[in-house]
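Each chain, letter by letter, is given below.
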Amino acid sequence: MFKTLKDRFSTVEWSWILQDWANSVYSLMITTAIFPIFYKSMTDAAGIDPADSTAYLSYANSIGTVLVGVLAPFLGTSADYRGVRKPLFTIGTLMGIVSVLTMIFVPVGNWSFLLVLYVLSAIGFGVANIFYDSSLLDATTHERLDLVSSAGYGFGYIGSVIPFLIFMVFQLTNIFSATTTVNIGFVMTAVWWFVFTIPYWKNVNQVHYLERTENIFSTTMNSLKNSLGELKNYPHIYLFLIGYFFYIDGVGTIIRMATSVGTDLGFSQDQLIIMLLIVQIVAFPCSIIYGVLAKRFGNRAMLFFGIATYVVICVMALGINSFTDFIVLGILVGSAQGGIQALSRSYFGQLIPKDKTNQFFGFYNIFGKFSSVIGTTILGIVSQTTGNSLNGLFAIIVQFIIGATFLYFAKPKSTA
């Protein structure tokens, strides 16, 4: 069976897939698990109000996301030129890895410096992924895009869980002190990310490219202008993109802020780690189930189902009274998280004209890069204003409602 799986992809394809395996460890270990817990323990020790510290983390996420989103169209276009993609990918990757490693040297109580390093790591991660995504056509053929892309997404889940399980052993057995355990987590993340990126550096080379121009900036602006002109001819596409921006922003906010909110509720680090593992375990099969059900009921129906699930999550958040309630919410998040992301991409692929795939997916990626900007800001403001993080979590329900509304109208006459 292993031989069959191994032979299903070429060396270059496997190298590309392993980069998803490599960088997904950052999303789970840093964005969702270790960093928020460590950050909250540091702000608690410094006497920062829990609602305020959650708000500061929300703002940090917003800053990092906005910066990457602003850079995305320019960096994405520059990646089309020969000799640009891999060096900039390397800069982003090393920026993320070094920032994570530097976290182990942050003095006790210096939570603001820790937050700065987090923003830098998020920018490095986001920038590297712009070039990673754009290199898919260099790694495989047009006919195998869906297969290879889906494999990367699936192996990313598995790749992030392995070091997370190792971290859980240290966390739950208390072999080391809490600070040492967190530092081990930071080191594992950086090493895992670096080691499994080596095959990408070695084997994935730029095959499709444009010759460099004298002024890449002006070329980028002209390309964006032309694309915007084309977009006006397809109202169902820009309606979807607006809706996608709102609901995927809500999804990203919940992913990023779940552990911070859990800490505010008084749950222990061990409980939060267990909850995150449950989310990962549920997410992998449910993303596949969403794909199966989409064939029977259609992409739109399953997208509405996923959005409805998140509406329920926001409502239920107001009534959390125990860790069991929190686990139920985690299971609901895991059930919809992967499916809504995967089906959004495939539904968008159905909407756009086949001869303009690259052009329109550029917009899709830009809107995706801006995810969790509005939600994290809303959550932060409401949490600070009311002194309750759960109120902030509930407030982002409006994003899912707006997203569903635009999705409803984003249906061309030819779409079944």
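Note that residues are indexed from 1 along each chain, following the sequence as it is written. pLDDT decides what is reported in this predicted model: residues at 70 or higher carry local features, side-chain atom pairs at 80 or more are listed and counted, and totals for whole chains, interfaces and linings draw on all residues regardless. Values shown for side chains rest on all heavy atoms present in the structure; no hydrogens or waters enter the calculation.

All right, on to the environment of Gly 92 then. In DSSP terms, a helix is any run of H or I states spanning at least four residues, a strand is any run of E spanning at least two, and both are numbered starting from the N terminus. Following the sequence through the fold, Gly 92 ends up in helix H4 (residues 85-102). For Gly 92, a relative accessible area of 3% translates into the label buried. It is 9.1 Å that separates the C-alpha atoms of Gly 92 and Phe 131, two residues lying 39 residues apart in sequence. Those residues within four positions of Gly 92 in sequence are excluded, and the remaining contacts are Gly 124, Phe 125, Val 127 and Ala 128. Burial classes follow relative accessibility: with a 1.4 Å probe on protein chains only, a residue under 20% of its type's maximum area counts as buried, one over 50% as exposed, and anything between as partly exposed. Contacts are residue-level and defined by heavy atoms, with any inter-residue pair within 4.5 Å sufficient.

This part takes up the side chain of Thr 54. By secondary structure assignment, the location of Thr 54 is in helix H3 (residues 50-78). Excluding anything up to four places from it in sequence, Thr 54 contacts Lys 40, Met 257, Ser 260, Asp 264, Leu 379 and Ser 389.

This part is about the packing of aromatic side chains. Two aromatic rings, drawn from Phe, Tyr or Trp (for Trp, its six-membered ring), form a pair once their centres lie within 6.5 Å of each other, and the interplanar angle then sorts them: stacked below 30 degrees, edge-to-face above 60, tilted otherwise. Taken as a whole and assessed by the stated rule, the structure comprises 27 aromatic pairs. The interplanar angle of 85° and the centroid separation of 5.2 Å between the aromatic rings of Tyr 408 and Phe 409 together place this pair among those described as edge-to-face. What makes Phe 409 exposed here is its relative accessible area of 52%. One aromatic cluster is present, formed by Phe 9, Trp 14, Trp 21, Phe 155, Trp 192 and Phe 196 through successive ring pairs.

What follows concerns the packing of helix H11 (residues 235-264) against helix H13 (residues 299-317). Interaxial angles span 0 to 180 degrees and are taken between N-to-C directions of axes, which are lines fitted to C-alpha atoms, for helices over the stretch in contact. For the pair H11 and H13, the least separation of the axes is 11 Å and the interaxial angle reads 45°. Between H11 and H13, the crossing angle belongs to the class labelled oblique. Handedness of the H11/H13 crossing: left-handed. Contact residues: H11 offers Tyr 247, Val 251 and Ile 254, while H13 offers Leu 303, Ile 307, Tyr 310 and Ile 313. In terms of residue class, the contact of H11 with H13 is made up of seven nonpolar, no polar and no charged. With respect to orientation, any angle under 35 degrees is reported as roughly parallel, any angle over 145 as roughly antiparallel, any angle of 65 to 115 as roughly perpendicular, and every other angle as oblique. Note on convention: near helix rotated counterclockwise from far helix by under a right angle means a left-handed crossing. Clockwise means right-handed. Under the scheme applied here, ten amino acids are nonpolar (Ala, Val, Leu, Ile, Met, Phe, Trp, Tyr, Cys and Pro), four are charged (Asp, Glu, Lys and Arg), and all others, including Gly, are polar.

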